[in-house]
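Structural characterization, general
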Amino acid sequence: MIKENKNTNTDTAKIANLAKELVNLTVTEVNELTIILKKDYGLEYNHDNITETDPINQEQKKENIKYNMILKSSGTSKLAVVKLIKEITGRGLKDSKELVDSVPTTIKESLNKEEAELLKKKFEEIGAEIELE
């Protein structure tokens, strides 16, 4: 018969309770805890030490990336592409046609990821080839 270490279960329960208490702290309490940890234990949070491998940091960087939409080819439906460019850029018909005629060309700049993907999909549905940079 294997004996279970009672201390291990007790330690795990203590840590779980501590975690629960920490999660439920108010902002004021977190600030007070920060002061105590720094003053009494010399511990200090340094946000500059967040590494590139930190998943939260990486996700924030991905969300902050801005994309440029480049038309590589209008495909078989040039008129539909001209109309879509006119619609999304607010340019006139003549300017939109000139963009299509001068591929590869940047259609729109500084798009967030969601908007860039949505617009790319719209262009691809009408046969255009789009690249996001």
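Since we're looking at a predicted model, the values are computed, not measured. (Residues numbered from 1 in each chain as written. Predicted model: local features only at pLDDT ≥ 70, side-chain atom pairs only at ≥ 80, totals over all residues. Heavy atoms only, no water.)

For the rest of this paragraph, the subject is unusual backbone geometry. Cis geometry is adopted by the peptide bond preceding proline 104, which originates at valine 103 and carries an omega value of -5°. Mapped onto the secondary structure, proline 104 falls in the loop between helix H5 (93-101) and strand S2 (105-111). Positive phi, close to 55°, is recorded for serine 110, a residue that is not glycine. (Helix = DSSP H or I, 4+ residues; strand = E, 2+ residues; numbered from the N terminus.)

Right, let's talk about the sheet that holds strand S3 (residues 129-132) for a bit. Strands sit in the order S2-S1-S3 across an open sheet of three strands; the sheet is antiparallel. Each having just a single partner strand, S2 and S3 make up the two edges of the open sheet. Adjacent strand axes in the sheet meet at a mean angle of 25° when their direction is disregarded. Where strand S1 (residues 67-73) lies against S2, four bridges are found, and the strand directions are antiparallel. Looking at the pairing, methionine 69 lines up with lysine 108 of S2. Helix H6 (residues 113-125) rests against S1, S2 and S3 of the sheet, and its axis sits at about 150° to S2. (Pairing = 2+ DSSP bridges. Axes fitted to C-alpha atoms, helices over the stretch in contact; angles between N-to-C directions. Contact = heavy atoms within 4.5 Å.)

Considering the arrangement of structural elements, one finds valine 100 in helix H5. Residues valine 100 and lysine 78, spaced 22 residues apart in sequence, show a C-alpha to C-alpha distance of 7.4 Å. Dropping the residues within four chain positions of it, valine 100 is found in contact with Leu71, Ser74, Lys78, Val81, Val82 and Ile85.

Another point: the pattern of salt bridges. Evaluation of the coordinates by the stated rule reveals five salt bridges. Between glutamate 131 and lysine 72 there is a salt bridge, with the nearest N and O atoms lying 3.6 Å from each other. Highlighted residues: glutamate 131 in strand S3 and lysine 72 in strand S1, separated in sequence by 59 residues. Of the residues examined, glutamate 131 reaches a relative accessible area of 30% and is grouped as partly exposed. For the salt bridge of aspartate 101 with lysine 78, the shortest nitrogen-to-oxygen distance reads 2.5 Å. Of the two residues, aspartate 101 is situated in helix H5 and lysine 78 in helix H4 (residues 78-89); the sequence distance between them amounts to 23 residues. Owing to a relative accessible area of 41%, aspartate 101 belongs among the partly exposed residues under this scheme. The network of salt bridges with shared partners includes Lys78, Lys97 and Asp101. (Salt bridge = Lys/Arg side-chain N within 4 Å of Asp/Glu carboxyl O. Buried < 20%, exposed > 50% of the residue type's maximum accessible area, 1.4 Å probe, protein only.)

Another point: H6. End to end, H6 covers 18 Å across 13 residues, agreeing with the expected 18 Å (1.5 Å per residue, within 8%). Taken residue by residue, H6 has Ala116, Leu119 and Phe123 as its buried positions. The arc enclosing the buried residues of H6, seen along the axis, measures out at 75°, which places them on a common side. Across H6 from its buried face, at more than 90 degrees, point the exposed residues Glu114, Lys121 and Glu125. Among the structural elements, S1, H4, S2 and S3 are those in contact with the buried residues of H6. One side-chain oxygen of the residue at the start of H6 lies 3.2 Å from the amide nitrogen of glutamate 114, identifying that residue as asparagine 112. A positive phi of about 95° marks glycine 127, the residue just after H6. (Expected span 1.5 Å × (residues − 1). Arc of directions from axis to C-beta. Polar contact = N/O pair within 3.5 Å; in protein donor to acceptor, adjacent residues only side chain to side chain.)

Turning next to the packing of H4 against H6. How two helices pack is summed up by the angle between their axes together with the distance between the axes. At a minimum axis separation of 10 Å, H4 and H6 run at an interaxial angle of 155°. One element, H4, and the other, H6, form an angle in the roughly antiparallel class. The two elements H4 and H6 meet at a crossing, and its hand is right-handed. Contacts from Val81, Leu84, Ile85, Glu87 and Ile88 of H4 reach H6 at Leu119, Lys122 and Phe123. A per-class count over the contact of H4 with H6 returns six nonpolar, no polar and two charged. (Parallel < 35°, antiparallel > 145°, perpendicular 65-115°, else oblique. Left-handed = near helix turned anticlockwise from the far one by under 90°. Nonpolar A, V, L, I, M, F, W, Y, C, P; charged D, E, K, R; others polar.)

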